[in-house]
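Secondary and tertiary structure notes
Okay, here's what each chain looks like letter by letter:
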Amino acid sequence: MENKLIVSSSPHLKSAESIRSVMTDVLVALFPAVLAAIIFFGFRALITIVLCMLSSMLTEAIILRKKDIFGDGSAAVTGLLLAMTLPPAPPWWLCIIGGVVAIGIGKQAFGGLGNNIFNPALVARAVLMISWTGHMTSWLSPVDLVSAATPLASAGTPDFVKLFVGSVAGSLGETSAFALLLGAIWLFYKGHINWRIPGGYILVVFVMGTLLGGEGISLSAGLFHVLAGGVVLGAFFMATDMVTSPVTPKGQLIFGIGCGLMTMLVRFYGSYPEGVTFAILLMNAVTPLIDNLTLPRKYGEVAK
Amino acid sequence: MSLKTFKGGVHPGDHKSATEKKPVVPANPPAVAIIPLSQHIGAPCEPLVAVGDEVKMGQKIGDSKGFVSAPVHSSVSGKVIKIGTCNSAPGGTVEAIFIENDFQDTWHESVKPNPDWEKLNADELKQLVREAGIVGMGGATFPTHVKISPPPENKIDYVLVNGAECEPYLTSDHRAMLERPDDLIVGLQLVMKIVGAEKGCIGIEDNKPDAVEALTKAAADDPRIEVRALPTKYPQGAEKQLIKVFTGREVPSGGLPAHVGCIVQNVGTCIAIADAVRKGLPLIERIVTITGSGINEPKNMLVRIGTPLEDVIEQCGGFKPNLKKLILGGPMMGFAQPGPENLPVTKGTSGILCLTDEDVTVDDIGPCIKCAKCVEACPVSIMPLFIGSAVEQGLYDRAEQYDAMDCIECGCCSYICPAKRPLTQWIRMAKSEIAAKRRAAAK
């Protein structure tokens, strides 16, 4: 026989999924939110997104010395997620520093894809937030683009329809719950996320918001805390980051609950109006611990 | 309709359409039969014949004094021309007896029906099963007479028959269920009698409704037997998963099905038992599915044990020119072969799967992104990703802590991994290292 046969260990069938296809699915899932950002904040939003993605992908390509700048797609996802956490019109250099920090410090310094402990996009956001607080909190109202306060920082009765659709001030991707949920449904459908992390996260935010956010028990305060700020983006796209969240079913639920708890503690008792970034980063740090404490009961486990 | 199933598993697509509707056809007897002396798990047989001896069809030509072993028989009549070696499915070579076929098919005098088979007691039946050389025909090839002789302290109440045929591509069990349902039921009843079980269960994946129907009809007269459709999900037919679905029991870690009162038999094994007990037939032929994109005429064939693979392939129109992988067994747990040369069909050959370069990919191994898809897919709920990473670093103690030894090697984790990490292979490495360490510690 002229052509040599391949001899390898079973199984001989593999699913069609690859890291690249998973990352592409995440990019597709973020598309409605990107569209909403461009509709609400205009062309500047697109520039911010492109700058973040390009700087992330280039940083990765340079560090890994690879010519294919899309590669496995993970840097593009990080760049896009970073853009989603930025205000609509930050200076161009802020976007570029963000991308370099996300990939260089958040990801490659730990050994690259799969080895980072913290969500790279959130590492970059935290660095930018602390270093250039002014630029990171210059919010614009949608469409007319004048300075405005975010719902979390302003007083008065919230307009839930506006909050849900996303026509409120805020970062690019955190405003439209509707667009984010569309993307989340896609990720559920593709099997890349499950209910445990987002479910635990949002439930805790809702319950704590209801109990502590208004006067007495207030369901509308609960709903407000879910829809305002970055909880929806965080719960479905940041906390569910595969690399930095637990792998065990029980661990995922604990992680989601922990994120919700930390977010609300920052919102109620911290010095920032928003707590999603720090909540998720803190929970990232304890992910390996959670995994090891929540190993599933194996088939036929015998009590020791 | 919601069917009861097990936790985890994957859906690789069944790929069975090429052969599932094709009746089993007999393959031509080989000009030279190559009968390996070890076609089972356990002690290899010693040859009972010498070069130059005349042998008859069904004559016992190899046996062992070990309890965990099964004798081998000649599948043709003719003359022993060589005692040498041939290739074996899992790799390496085994001793084999080469018999030149005289094409007379003269039966040996030991092969005779048992008209009073219904009066035989359990010990006599076990002896018949042993003498017929019957082993688990799903591919594991554990000697059946050992399986049906559980220690007396383990009371067996369930005999389960695996008709799931959850391996993609394979249809040999499916065809056996359609073409010989009554014999299958007799085989099951015999095993129930031998082990004293009150309940018999046959589990069949719901992509084979015709088999469910045929067996339900065949078992209609015996209220002890339940035929049940199971969801089509790999590895539905795995022993431990089947037991859990039918009885709710879990085989304890490191234990055997008998420890929870169960015995699981393959479809082909049950039919072989019925043949051995009623007709006195030793196991000298089996149904083999020859299929895949790399074969010209996919078929289900009744093949004499010892038929060289090349003969069978030729009767199926030969390989396609772009053949890239030749697998004995199914695609999830079967063994890839370097070629068909000097390789006979044995008692464990459920399928010959031929794949072309379109179906065979060689992927770069990526980093683990901790997507947890392997954790979700693992039917025994161990942590394939952590074991894989431990083995990559040579940390076998850590692999042991993550329960590598409980792995059933179904292949779900490797199948599902988006980073194409060979998790099952790594876990197998861990198992062999850990077993070696335990053996050394026991000395």
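On a predicted model such as this, the values are computed, not experimentally measured, just so you know.

Okay, the overall build of chain B next. Helix and strand counts for chain B stand at 13 helices and 17 strands. Taken along the three principal axes of its C-alpha coordinates, chain B extends 65 × 50 × 50 Å. The buried share of chain B, taken over its 443 residues, is 58%. A separation of at least 24 residues holds for 73% of the contacts in chain B among residues at least 6 apart in sequence.

Here we come to the sheet that holds strand β6 (residues 72-73) of chain B. Residue and element names in this part refer to chain B. Reading across the sheet, the three strands line up as β3-β5-β6 and stay open at both edges, with antiparallel pairing between neighbours. Edge positions in the sheet fall to β3 (46-47) and β6, since each has one partner strand and no second. Two elements, strand β5 (residues 60-63) and β6, share two bridges in a ladder whose sense is antiparallel. Bridge pairing in β6 places Lys60 opposite His73.

As a further point, take helix α13 (residues 276-285) of chain A. The buried count for α13(A) comes to seven of 10 residues, which makes it a mostly enclosed element. All buried positions along α13(A) are accounted for by Val276(A), Thr277(A), Ala279(A), Ile280(A), Leu281(A), Met283(A) and Asn284(A).

Where interface size is quoted, it is often the accessible area lost as the parts come together. Taken together, the contact pairs 52 residues of chain B with 31 residues of chain A. Of all the secondary structure elements, the ones that give two or more residues to the side of chain B that touches chain A are β15 (323-328), β16 (335-337), α12 (412-416) and α13 (423-442) of chain B.

As a further point, take the confidence of the model for chain B. Of all residues in chain B, 99% have pLDDT values of 70 or greater, and the mean over the chain is 94. Two summary scores accompany this predicted model of the complex, namely pTM at 0.92 and ipTM at 0.90.

Turning our eyes to something else, we now look at the packing of helix α4 (residues 181-195) of chain B against helix α5 (residues 209-218) of chain B. Residues and elements named next belong to chain B. Running from N to C, α4 and α5 cross one another at 60°; their axes reach a closest spacing of 9 Å. One element, α4, and the other, α5, form an angle in the oblique class. In this structure, α4 crosses over α5, and the sense of that crossing is right-handed. Contacts between α4 and α5 involve Pro181, Asp182, Leu184 and Ile185 from the former and Ala214, Leu215 and Ala218 from the latter. Taken together, the residues of the contact of α4 with α5 sort by class into six nonpolar, no polar and one charged.

Quick look at the sheet that holds strand β14 (residues 299-304) of chain B now. All names here are of chain B. Sheet architecture is open: six strands sit in the order β1-β14-β13-β17-β15-β16, paired in mixed fashion. The open sheet is flanked by β1 (25-26) and β16, the only strands paired with a single partner. Both β15 and β16 contribute to a ladder of three bridges, which runs antiparallel. Residue pairing for β16: Leu326 is matched across the bridge by Gln337. Packed on one face of the sheet, helix α3 (residues 172-179) meets β13 (285-291), β14 and β17 (351-356) and runs near 125° to β13.

All names here are of chain B. The domain architecture assigned to chain B consists of domain 1 (27-111 + 282-356), domain 2 (117-279) and domain 3 (373-442). The centre of domain 2, based on its C-alpha atoms, is set 29 Å off from the matching centre of domain 3. Facing six residues of domain 2, the contacting portion of domain 3 comprises six residues. Class assignment for the residues of the side of domain 2 that touches domain 3 results in three nonpolar, two polar and one charged.

In this structure, the amide linkage connecting Ser10(A) to the following residue, Pro11(A), adopts the cis form with an omega of 0°. As for its placement among the helices and strands, Pro11(A) is situated in the segment before α1 (19-41). Residue Pro235(B) is reached from Tyr234(B) by a cis peptide bond, and omega for that bond is -5°. Its identity as a non-glycine residue notwithstanding, Phe103(B) has a phi of 55°, on the positive side. Examined against the element boundaries, Phe103(B) turns out to sit in the loop between β8 (93-101) and α1 (122-131). Taking the number of C-beta atoms within 10 Å as the measure of exposure, Phe103(B) has 12 and is therefore exposed. Phi angles above zero are rare outside glycine, and Lys370(B) is one such case at about 55°. With respect to the helices and strands, Lys370(B) occurs in the loop between β17 and α9 (373-377). In this structure Lys370(B) comes out as buried when scored by C-beta crowding, with 23 C-beta atoms within 10 Å.

Another aspect to go through is the nonpolar core. Ranked by internal contacts, the top residues of the largest apolar core, which has 229 residues, are Leu80(A), Leu160(B), Val191(B), Leu215(B), Ile273(B), Val312(B) and Ile387(B). At 12 residues, α1(A) tops the list of elements feeding residues into this core. Ignoring anything within four residues of it in the chain, the contact list for Val191(B) reads Ile148(B), Val159(B), Ile263(B), Gln265(B), Cys270(B) and Ile273(B).

Bringing the packing of helix α5 (residues 120-131) of chain A against α13(A) into the picture now. Residue and element names in this part refer to chain A. The geometry of α5 relative to α13 is characterised by a closest axis approach of 10 Å and an angle of 130° between their N-to-C directions. With respect to their mutual orientation, α5 and α13 come out oblique. The element α5 and its partner α13 pack so that their crossing is left-handed. Listed contacts from α13 to Leu122, Arg125, Ala126 and Met129 of α5 are Thr277, Phe278, Ile280 and Leu281. Looking at side-chain class alone, the contact of α5 with α13 contains six nonpolar, one polar and one charged residues.

For the rest of this paragraph, the subject is the pairing of β5(B). Pairing of β3(B) with β5(B) involves two bridges; the strand directions are antiparallel. Residue pairing across strands places Glu46(B) opposite Asp63(B), the latter belonging to β5(B).

Calculation criteria
- The written sequence of each chain sets the order in which its residues are numbered from 1.
- As a convention, the first chain written is A and the first ligand written is 1, with the rest following in written order.
- Whole-chain, interface and lining totals are the exception, using all residues; otherwise, since this is a predicted model, local features are given only for residues with pLDDT of at least 70 and side-chain atom pairs are given and counted only at 80 or more.
- Helix numbering and strand numbering both begin at the N terminus, where a helix is a DSSP run of H or I of at least 4 residues and a strand a DSSP run of E of at least 2.
- The exposure scheme places C-beta atoms from the backbone and then counts, for each residue, the other C-beta atoms within 10 Å of its own, assigning buried at 20 or more, exposed at 12 or fewer, and partly exposed in between.
- Contact definition: two residues whose C-beta atoms, as placed from backbone geometry, lie within 7 Å.
- Pairing between strands is defined by DSSP: at least two bridges between them are needed.
- The predictor rates its confidence in each residue with pLDDT, a number between 0 and 100.
- Between N-to-C directions, angles cover 0 to 180 degrees, with each direction set by a line fitted to C-alpha atoms, over the stretch in contact for helices.
- Angle categories are assigned with fixed cut-offs, so that under 35 degrees is roughly parallel, over 145 is roughly antiparallel, 65 to 115 is roughly perpendicular, and the rest are oblique.
- Crossing handedness follows the turn of the near helix against the far one: under a right angle anticlockwise gives a left-handed crossing, and clockwise gives a right-handed one.
- Charged residues are taken to be Asp, Glu, Lys and Arg, nonpolar residues to be Ala, Val, Leu, Ile, Met, Phe, Trp, Tyr, Cys and Pro, and polar residues to be all remaining types, Gly included.
- Marked domain ranges trace back to an automatic or database domain assignment.
- Any nonpolar core is a set of buried residues, restricted to Ala, Val, Leu, Ile, Met, Phe, Trp, Tyr and Cys, that join up through C-beta atoms within 7 Å.

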